[in-house]
Structures are given as structure tokens and as C-alpha cells.
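Spelled out, the chains give:
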Amino acid sequence: MASPILVQTRDELLEALRALHAKGERLALVPTMGFLHEGHLSLIREGKKRADKVAVTIFVNPTQFGPNEDLDRYPRDLAGDLAKCGEAGAWLVYAPQSPREVYPEGFQTWVQVTELEMGLCGGKRPGHFKGVATVVAKLLGLFRPQLALFGQKDYQQLAVIRRMARDLDLGAWTEIVGMPTVRETDGLAMSSRNAYLSPEERQRALSLKAGLDAAAARYEAGERQAAALLAAARAEVERGADRIDYVELVDADSLRPVERVDGPVCLLVAAFVGKTRLIDNRVLGS
Ligand code: PAF
């Protein structure tokens, strides 16, 4: 596969995009923070199937990290990412040379999805989804793609982005596509942050998926009470995690907590293994 075009400034990017849009080609966008894994590559491959060209963005977006989070140590590997993007068939990679390229002097406009960002990760990471929604709105406005693809591993993020695209009419031009979580062979959800785990922590990280499996088994056996499903999940997660951030059962669309499963719901887990915060989720009842 040919190497993708690498662009690092907004001006260069606009030049490439103008030529593409003038030709009337369909564009798929895959926004990422880099250190790409199979999950990201599955988004690129799906984009290839649905569009003429796929553009990938690689930007560790500072505005979605809290003051005590891992912005400085977030893993980066631009050369490796470019090779992977090439193999997966991406046309262009936009890797802004500095945050100033995205947030120029005087930047002061923010996007907030007020209700959906409140609980779960939004509750534990204040400001996180404001940073995500703002940067994704900017990317959709800049690229004007026919579709943009995101992983369902970040379930709340996907819900926030769908709502934002609908509310700001960015979704009038761009279909937001959610793709299934890609897992390692032993079931661990793929994440760039898995790179932080020691071999011993990597083993214990399986407790998140074990928690989801335990609750799903109870659900399959007929249990519909949230308290029982959550207790089953929690018991498994506690076996491996050092600290649980949350285990919650919410309506699959509104993300409001439910007491009983009467329609589609999502069970979400966030937990620390060592210093690494991991998340995972499972939809039940769809
Ligand atoms: O999921 C991610 O990697 C990021 O949150 C995103 C969507 C690229 C925005 O920075």
C-alpha cells in the first residue's frame, strides 16, 4: 500500500481537501490520538469500504485531559502510525505540528453536550467531553467528510459526538458511524493506554471484561434488576482492579441510570489497574 500524505498544518490540509471536494470524492474521517491499534485500523478499513478516500487525524488533544491526567506521558509513535495507516489504505494523515495549529491565539469557543456529558466518565473527568466535543466539531467542520467513524469502546464519547453532530447540524453532511470494540484474543478491549500495563497488570486488566461477562450471563439467565447485574459485574472487576471508578447500568440512548432492564441498556465499567485507567462496556437487551 502507498504511504498516506502527511500534513501538519491547517493550510496544507485545506489545500488537499479543496482538491478532493472539487473532484466530488466521498471522504471518510477517522479522528484519533495516535498510537494506533487494530481498533483504529478497523475504522480505517470500514471507511475505505464506504468512501473513496480515508483521512486519519492524529492529535493528542490537550483540552480533553484533566490537570492530573496522562497528557505528557500519552504514548506517541508517528512513524509507526503512518506505516499502519498506509497498510490500512488511508489517503491522508493530519498530525498538527503543535496544539497552536488547532487552538490558535485567541481561541475561545467551546462545545458542551450538557446532559450526556454529566455522568460516567464525564462525572469523573470534568471538562473531558467539552474538549472532545470541541475538537471533533472542529474536525468535522474542517474536513466536511461524508462519514466519520468512532469506536464503541468509548460509548459515552460516541453518544456525545452523535448528539453534538445532530444539535450543531454537522450531522447534516456527515454520518457518524460507531464500530464494534476490537479485543485482544483474551478479550481485553484494545486501547492505546494498554501500553502502560506491566505484564502482571495486563493480566489483572481482564477483570473488566470478566465483569461484563458475569453480568451478561446473569442477564441471559433472566435477571433484570440493575442492582443484581451491577453486583455481579462489580464482584469480578474488584478481583483484578486496584480501584473502581464506576460500574453503571444506563439507558443505551439517554445514558440515564436504570433500575430495571426493560429495553436496550449499556453496562459500563471504568477502573484503575495500577495507575492506568481502563474502560469497557456491553450493550444488553438490544
Ligand atoms: O477517541 C479518541 O481518540 C479521542 O477522544 C478523539 C475522538 C480523537 C478526540 O480527540
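Scroll up to find the structure.
Residues numbered from 1 in each chain as written. Predicted model: local features only at pLDDT ≥ 70, side-chain atom pairs only at ≥ 80, totals over all residues. Heavy atoms only, no water.

Participant: What is the right way to look at the packing of helix α9 (residues 206–220) against helix α10 (residues 226–240) in this model?
Facilitator: To characterise two packed helices, one gives the angle between the axes of the helices and the distance between these axes. Between α9 and α10, whose axes approach to 7 Å, the crossing angle comes to 155 degrees. The orientation of α9 with respect to α10, classified from their angle, is roughly antiparallel. In this structure, α9 crosses over α10, and the sense of that crossing is right-handed. In contact with Ser207, Leu208, Ala210, Gly211, Ala214, Ala215, Arg218 and Tyr219 of α9, α10 contributes Ala228, Leu229, Ala232, Ala233, Glu236, Val237 and Gly240. (Axes fitted to C-alpha atoms, helices over the stretch in contact; angles between N-to-C directions. Helix = DSSP H or I, 4+ residues; strand = E, 2+ residues; numbered from the N terminus. Parallel < 35°, antiparallel > 145°, perpendicular 65-115°, else oblique. Left-handed = near helix turned anticlockwise from the far one by under 90°. Contact = heavy atoms within 4.5 Å.)

Participant: Could you clarify how one ought to interpret the site of the ligand in this entry?
Facilitator: The local shell around the ligand consists of Pro31, Thr32, Met33, Asn61, Gln64, Val132, Val135 and Gln157. Gln64 places a polar side-chain atom, nitrogen or oxygen, 2.6 Å from an oxygen atom of the ligand. At a separation of 2.7 Å, an oxygen atom of the ligand approaches a polar side-chain atom of Gln157. Relative to its free-state accessible area of 290 Å², the ligand is covered by the protein chains to the extent of 89%. Breaking the shell around the ligand down by element, the ones donating at least two residues are β2 (27–32) and α6 (128–143). Residue composition of the shell around the ligand, grouped by class: 4 nonpolar, 4 polar and no charged. (Near = heavy atom within 4 Å. Polar contact = N/O pair within 3.5 Å; in protein donor to acceptor, adjacent residues only side chain to side chain. Areas by Shrake-Rupley, 256 points an atom, 1.4 Å probe, with all protein chains shown as cover. Nonpolar A, V, L, I, M, F, W, Y, C, P; charged D, E, K, R; others polar.)

Participant: Please explain helix α7 (residues 155–167) as it appears in this structure.
Facilitator: One turn of the α-helix equals 3.6 residues, which is why residues spaced by three or four share an orientation. Here α7 is 13 residues long and its end C-alpha atoms lie 18 Å apart, about the 18 Å a rise of 1.5 Å per residue gives. Buried residues belonging to α7 abut α5 (120–124), α6, β5 (147–151), β6 (175–179), β8 (265–273) and β9 (276–284). Directly beyond the C-terminal end of α7, a positive phi value near 65 degrees is found at Asp169. (Expected span 1.5 Å × (residues − 1).)

Participant: Sorry, what's going on with the pairing of β2 here?
Facilitator: Regular strands have side chains that alternate between both faces of the sheet. In terms of burial, β2 is a largely internal element, 6 of the 6 residues being buried. Here β2 shows a buried face lined by Leu27, Leu29 and Pro31 and a second buried face lined by Ala28, Val30 and Thr32. Direction of pairing for β2 relative to strand β3 (residues 53–58): parallel, over a ladder of 6 bridges. Bridge pairing in β3 links Leu29 to Ala55. The parallel pair β2 and β3, bridged by helix α2 (residues 38–50), forms a crossover whose chirality is right-handed. Relative to β5, β2 is paired through 2 bridges, and the arrangement is parallel. Residue pairing for β5: Leu29 is matched across the bridge by Ala148. (Buried < 20%, exposed > 50% of the residue type's maximum accessible area, 1.4 Å probe, protein only. Pairing = 2+ DSSP bridges. Right-handed = clockwise from strand over helix to strand, strands pointing away.)

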